[in-house]
Amino acid sequence: MAVEKFETALKKLEDVVKKLEGGELSLDDSLKAFEEGVKYSAFCSKKLNEAERKVELLIKQRDGSFTTRPFEEEE
Amino acid sequence: MAVEKFETALKKLEDVVKKLEGGELSLDDSLKAFEEGVKYSAFCSKKLNEAERKVELLIKQRDGSFTTRPFEEEE
Amino acid sequence: MAVEKFETALKKLEDVVKKLEGGELSLDDSLKAFEEGVKYSAFCSKKLNEAERKVELLIKQRDGSFTTRPFEEEE
Amino acid sequence: MAVEKFETALKKLEDVVKKLEGGELSLDDSLKAFEEGVKYSAFCSKKLNEAERKVELLIKQRDGSFTTRPFEEEE
Amino acid sequence: MAVEKFETALKKLEDVVKKLEGGELSLDDSLKAFEEGVKYSAFCSKKLNEAERKVELLIKQRDGSFTTRPFEEEE
Amino acid sequence: MAVEKFETALKKLEDVVKKLEGGELSLDDSLKAFEEGVKYSAFCSKKLNEAERKVELLIKQRDGSFTTRPFEEEE
Amino acid sequence: MELFKERRVLTVSALTALVRGLLEENFEQVWVEGEISNLACPQSGHCYFTLKDAGAQIRCVMFRNAARSIKFTPKDGMRVLLRGRLTLFEPRGEYQLVADYLEPQGIGGLQLAFIQLKERLAKEGLFSELHKSEIPKLPRKIGIVTSPTGAAIRDILTVLSRRFANVELLIAPVRVQGEGAAIEIASAIDDLNRVGNVDVMIVGRGGGSLEDLWAFNEEVVARAIHRSAVPIISAVGHEIDFTIADFVSDLRAATPSAAAELVVRSKDELTAELEALAHRLDVSQLRRLERARALVTALARAVTDPSRILGHLSQRVDSLDARLVREAGLILDDASERIVTLSARLARQSPALTLERSAERLATLSLRMDHAMIRRLACASESVGLASGTLNAVSPLATLSRGYSIVRKLPERSVVRHNSQVAPGDRLELRFASGSALCTVDASRGESESLTAPPRSV
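Let me sum up the structure you'll find in this document. (Residues numbered from 1 in each chain as written. Chains lettered and ligands numbered in written order. Predicted model: local features only at pLDDT ≥ 70, side-chain atom pairs only at ≥ 80, totals over all residues. Heavy atoms only, no water.)

Some thoughts on the interface of chain F and chain G
On the chain G side, the residues contacting the 38 residues of chain F number 37 residues. By the criterion of area lost to chain G, the three top residues of chain F are F:Leu48, F:Arg53 and F:Leu58, representing 19% of everything that side buries. With a closest N to O distance of 3.7 Å, F:Lys60 and G:Asp191 form a salt bridge. At the surface where chain F touches chain G, the tally comes to nine residue pairs in polar contact (both at pLDDT 80 or more). The set of elements that each furnish at least two residues to the side of chain F that touches chain G consists of helix 1 (6-22), helix 2 (27-50), strand 1 (54-60) and strand 2 (66-70) of chain F. Grouping the constituent residues of the side of chain F that touches chain G by class yields 19 nonpolar, seven polar and 12 charged. Relative to strand 7 (residues 168-173) of chain G, strand 1 of chain F runs parallel, the two being bridged by four bridges. Each bridged residue has a counterpart across the sheet, and for F:Lys54 the counterpart in strand 7 of chain G is G:Glu168. (Contact = heavy atoms within 4.5 Å. Buried area = accessible area lost by both parts, 1.4 Å probe. Salt bridge = Lys/Arg side-chain N within 4 Å of Asp/Glu carboxyl O. Polar contact = N/O pair within 3.5 Å; in protein donor to acceptor, adjacent residues only side chain to side chain. Helix = DSSP H or I, 4+ residues; strand = E, 2+ residues; numbered from the N terminus. Nonpolar A, V, L, I, M, F, W, Y, C, P; charged D, E, K, R; others polar. Pairing = 2+ DSSP bridges.)

Quick notes on the nonpolar core
Of all hydrophobic cores here, the largest spans 99 residues; its most connected members are A:Phe6, B:Phe6, B:Phe34, F:Phe34, G:Leu281, G:Leu324 and G:Leu346. Counting 49 residues, the second-largest nonpolar core is a separate cluster that includes D:Ala9, D:Ala33, E:Val17 and E:Leu48. (Core = buried A, V, L, I, M, F, W, Y, C linked by side-chain atoms within 4.5 Å. Buried < 20%, exposed > 50% of the residue type's maximum accessible area, 1.4 Å probe, protein only.)

Some thoughts on helix 1 (residues 6-22) of chain B
Residues and elements named next belong to chain B. Look at helix 1: 24 Å from first C-alpha to last across 17 residues, which is about the 24 Å you get at 1.5 Å a residue. Among the residues of helix 1, Phe6, Ala9, Leu10, Leu13, Glu14, Val16, Val17 and Leu20 are the ones counted as buried. One face of helix 1 carries all of its buried residues, which in axial projection span an arc of 160°. (Expected span 1.5 Å × (residues − 1). Arc of directions from axis to C-beta.)

Overview of the sheet that holds strand 1 (residues 30-40) of chain G
All names here are of chain G. With respect to topology, five strands assemble into a closed barrel ordered 1-2-3-5-4, the strand pairing being mixed. In this sheet, neighbouring strand axes are inclined to one another by 55° on average, regardless of whether the strands run parallel or antiparallel. In the sheet, strand 1 pairs with strand 2 (residues 47-52) via four bridges, with the strands oriented antiparallel. Bridge pairing links Ile36 to Leu51 in strand 2. Taken strand by strand, helix 1 (residues 12-26) contacts strand 4 (79-89) and strand 5 (94-104), and its axis lies near 145° from that of strand 4. (Axes fitted to C-alpha atoms, helices over the stretch in contact; angles between N-to-C directions.)

Here we look at the pattern of salt bridges
A full pass over the atoms with the stated rule returns 52 salt bridges over all chains. G:Arg431 is the partner of E:Glu35 in a salt bridge, and the nearest nitrogen-oxygen pair spans 3.7 Å. Taken as a pair, E:Glu35 in helix 2 (residues 27-64) and G:Arg431 in strand 13 (residues 427-431) lie in two separate chains rather than in one. A relative accessible area of 40% means that E:Glu35 is categorised as partly exposed. Taking the shortest distance from any N to any O, the salt bridge between G:Arg252 and G:Asp246 comes out at 3.7 Å. For G:Asp246, a relative accessible area of 5% corresponds to the buried category. Members of the salt-bridge network, linked through shared partners, are E:Asp28, E:Lys32, G:Arg408, G:Arg413 and G:Glu429.

Describing the sheet that holds strand 11 (residues 406-410) of chain G
Read across the open sheet, the four strands follow the order 12-11-13-14 (chain G); overall the sheet is antiparallel. Among the strands making up the open sheet, the edge pair consists of strand 12 (414-415) and strand 14 (436-440) of chain G. Sheet topology places strand 11 of chain G next to strand 12 of chain G; two bridges connect them, and they run antiparallel. Residue pairing in the sheet places G:Lys409 in a bridge with G:Ser414 of strand 12 of chain G. Sheet strands in contact with helix 2 of chain E are strand 11, strand 12 and strand 13 of chain G, and its direction is about 90° off that of strand 11 of chain G.

See the structure below:
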């Protein structure tokens, strides 16, 4: 799942929630669903955290020091 | 019975109990039924214990440290 | 009689007792009947004892160590 | 008379006694009758003794040790 | 007179006694009758003794040792 | 992007903003777009602030080549 | 006018304002030829005069700025060409011309040449909008084709420094009037294209007479402008001075100052725009993250912990297990009870009792048998004893013991009752009460005394 996309994981999380809410699962399946749900929600949270950190960082960098680090060097 | 599912075992346990309660079994058959019932009951208990442990672990993981253990490594 | 079932033996014991209680037997026959009755009664007692021991054992096993001896290995 | 039954023997003994008591027999006949009667009486006694011993044994067996000597081995 | 029956002998003895008591016999005849009577009397006594001995023996045998000499072997 | 023109960058920034506001991007894509947007905005900012004030005269040499020299307003 | 066909009452002011609007709208810029009269130039710097011809006259005003721009001094009776707009001086209800340009009459040759060139180039398409390129919003380097000493460069530098300090200017110095000026301007445009590395170019000069501006009406300049890959803003003279260069350039500015303004839009404006975009950028991304966060949080909350289900199941298993164990106990108890009951009944049927009764009966029978037999023997014995006793009692041996003997003749052993039955020599046997004797007859005698037996008593 390393290369999983956020949206895919979110979709899967949603599917898991639907399955769980459907209530028709066997013990094993609901355990698996729970496990998956936990994984997907953790993954999504992690991705969001990363995204938030990145956005924050980018905003800080942009607002802070345009001059110290020329933009072009990153290209 | 290694791959027995919990629900199947529970159903079988229930059947065994009903058969025993029906009172139509011979002593030998009711002994066999009891033995089976004990096995199913133990199996169900074991499965439930495992499931509980797993759920606990998952909840701990989820609540605790999404960040310390990256999700991807488990894949 | 080794493969005699408990119920069959119990039934035979009952028949023997009824025959004896009918009082129409000759000495030889009543002796034989009594002998049979004693055998059946002993057999039933033995079967019952075995059954009780087995039930006790199963309960002890179940209560004791679900975890040390996985259920599946017995299969 | 080996296969004589106890009841038959007892009956015959009774007949002998009645004949003897009737006093109509010649000496020889009554001697013969007596001889027969003695035999019947002895036979009955023997049968009774045997029966008593057997009953004692059975009761002892039943009350004592069902377990030490499995029932099936006697078959 | 070897096969003479006890009762016949006793009857003859009694007849002899009656003839002798009738007194009609010559000395010689009465002597003869007497001699006969003595014979009959002796025969009867002998028979009686034999019978008594036999009865004693049978009773002794019966009461004594039913077990040592099984009844059936005499058959 | 070193030679990117201010207008192009501003236009691209505007495009990025519109794409983001359209809300159809995946998280990753929106992050990428945001990153780009930040770069464009930083670039524009830099461009707005960067250029030094320089006034020069283009001098045509006698051999047809050109040089420049600072322009003094007093000239 | 159509507007007033219906009866519509207006105030004087309203009507006047309406008329003023019509005038100003329709006569925004007019060229008028006439003779100046009643000229008055008071201290304020504004000029007031009347323009007339043979048939009419118009009041004219030239405000201070415009008046300052004209290079000659107007005098009454001077024939002039005037450019201006019509307006209405409301307090007096008079219409008047506000002149912004004034030139003396009599330059007709240049004017004709200008018109002719303009028509030709227009026909060629040099003025087409298709050829005009966009002026960069933030030019990094601006080329300026003008006189390094003219008013134009000073005005441009003034505006640029006020609007936007940070820009590079490359001035291609040219003469802007006089002989050869047009050639210089044209080659400077080419030079800047070649070596200037500029983003935009301003080509122009300050205001002047038509003659002064003439270089910008020459074809060589028009062609150079048209050729230029770098966008060009023409900035020649003042607002009223239209040149060929103005028509062919990508953008026309009325003055060099205006050109500078156009080239560099307000930095504040750009900054504001940029900031607005950056803000929108941030906001849209942050909102997106917020939305995603809310969704994830809601979904994560919806991933229900199965512990409750597990609890239910556990309870169910426990309950079943309890029933299982109880049932096993009941089954065993039931079986046990049945066995105990049957065993007890069996025990009551033990043959021991029967045996005892049988033994008793047997003993009785044996005893009766013995008794019967013994009685039988005793009876026989009695009979034998009685008969034997009686026999003894009647035994003939008693007679013999009284002395009688019985004689028998041998060998036939016939009893001898008469002497005649014997002869000497016969052998006789004598029987006594006890024992006997053998004798031989010696003699036989007959008839001796016979014995008669006495009568028998009872």
